[in-house]
Amino acid sequence: MKKLAIALFAVVCMAMFIAPAYADDRVSLSGSMRVRAWDKDYANGSDASWWDQRFRIQTTINIADDVKAVMRADYGDGKWGSDYTTNYNGGLVTRPNRGSSSAIDIDRGYLQIDKEMWQVTAGQQFVGLGINEVLDANMTGIKLVLKLPVKVSLIYGKANENGNTNDDGNNDDTDLYAVNLGYDRSE
């Protein structure tokens, strides 16, 4: 009986290591990595040079044919030598600073429903307004796009809760309301 139990245990352990990996086709990953060098000469005669990097990963989960959830994060986004710390004895082993620009940053996290005549996006999302990018920001809010010959975007965003969810007196919120008109141009 003991040998049978050991053999069964061995088969189960072996199955754990050779079990095929399955990926759900409703989940997709994309991303990019960049390393840049900068060298600038300013009009006042000063100059500056530095390196920076960003590693970005986006996860898209297709919940249904026309419903998706998106999360995008930046890892290690920062300038070399300033947004990273060295180890305690001054060596070259570096780690991102907590609270600096090189920490993990979730810059998009939203749910989107995309129908034939309309689209609604709710959560932390990119909003760009105007030809010359009057607004170019990641914001928390809701955007309804009516897919007419001229696309009409109705946008609500929460700019600032002003320290309290109570909106009386000085605690009143700062909100963004916008309408954007746009069209697709084929050349």
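Residues numbered from 1 in each chain as written. Predicted model: local features only at pLDDT ≥ 70, side-chain atom pairs only at ≥ 80, totals over all residues. Heavy atoms only, no water.

Draft legend 1. Seen up close, the sheet that holds strand β10 (residues 174-182). Taken in spatial order, the eight strands of this open sheet run β1-β2-β3-β6-β7-β8-β9-β10, and their pairing is antiparallel. The outermost strands of the open sheet, each flanked by one partner alone, are β1 (27-41) and β10. Averaged over all pairs of adjacent strands, the angle between their axes in this sheet comes to 25°, without regard to strand direction. The pairing of strand β3 (residues 67-79) with strand β6 (residues 105-114) spans eight bridges and is classified as antiparallel. (Pairing = 2+ DSSP bridges. Helix = DSSP H or I, 4+ residues; strand = E, 2+ residues; numbered from the N terminus. Axes fitted to C-alpha atoms, helices over the stretch in contact; angles between N-to-C directions.)

Draft legend 2. Geometry of the packing of aromatic side chains. Counted according to the given criterion, the structure contains three aromatic pairs. Taken together, a centroid distance of 5.8 Å and an interplanar angle of 15° make the contact between W38 and W50 stacked. Separated by 12 residues along the polypeptide, W38 in strand β1 and W50 in strand β2 (residues 47-64) bring together distant segments of the chain. Relative accessible area serves as the criterion here: at 29%, W38 is assigned to the partly exposed category. (Phe/Tyr/Trp six-rings, centres within 6.5 Å; stacked < 30°, edge-to-face > 60°. Buried < 20%, exposed > 50% of the residue type's maximum accessible area, 1.4 Å probe, protein only.)

Draft legend 3. Spatial organisation of the layout of surface pockets. Its boundaries defined by the atoms lining it, the largest pocket holds a volume of some 410 Å³. If you go around the largest pocket, you meet 20 residues; those closest to its centre are G128, L129, K143, S153 and N180. Only β7 (118-129), β8 (135-146), β9 (151-160) and β10 provide two or more residues apiece to the lining of the largest pocket. The greatest single-element share of the lining of the largest pocket, amounting to five residues, is contributed by β7. Residues belonging to the lining of the largest pocket are distributed by class as follows: eight nonpolar, six polar and six charged. (1 Å grid on protein atoms, 1.4 Å probe; cavity = no way out; pocket = protein on both sides within 12 Å on 5 of 7 lines; lining within 4 Å. Points joined across faces, edges and corners; volume = space filled by probe spheres on them. Nonpolar A, V, L, I, M, F, W, Y, C, P; charged D, E, K, R; others polar.)

Draft legend 4. Local environment of the confidence of the model for the protein chain. Counting all residues, the mean pLDDT for the protein chain is 80, and 75% of those residues have values of 70 or more. When pLDDT is averaged over each helix and strand of the protein chain, the minimum, 58, is found for strand β5 (residues 94-96) and the maximum, 92, for β6. (pLDDT = per-residue confidence, 0-100.)

Draft legend 5. Region of interest: the pairing of β3. Bridge count between β2 and β3: 11 bridges; the pairing is antiparallel. Within β3, the residue paired with Q53 across the bridge is G78. Where β2 folds back onto β3 in an antiparallel hairpin, the turn is made up of two residues.

Draft legend 6. Inspection of the environment of I104 at higher detail. Assignment of secondary structure puts I104 in the loop between β5 and β6. With 30 residues separating them along the chain, I104 and D74 place their C-alpha atoms 5.7 Å apart. Once you skip the residues sitting within four places of it in the chain, I104 turns out to touch D74 and Y75. (Contact = heavy atoms within 4.5 Å.)

Draft legend 7. Looking closely at the pairing of β1. Sheet topology note: the β1/β2 ladder contains 15 bridges and is antiparallel. Within β2, the residue paired with G31 across the bridge is I57. Taking the residues between adjacent antiparallel strands as the criterion, β1 and β2 are bridged by five residues, where G45 takes a positive phi near 95°.

Draft legend 8. Main features of the environment of K158. Of note, K158 is situated in strand β9. Exposure remark for K158: the relative accessible area of 24% places this residue in the partly exposed category. Taking the C-alpha atoms as reference, K158 lies 7.3 Å from M139; in sequence the two are 19 residues apart. Within the structure, the side chain of K158 is placed 2.9 Å from the side chain of D175, a separation counted as a polar contact. (Polar contact = N/O pair within 3.5 Å; in protein donor to acceptor, adjacent residues only side chain to side chain.)

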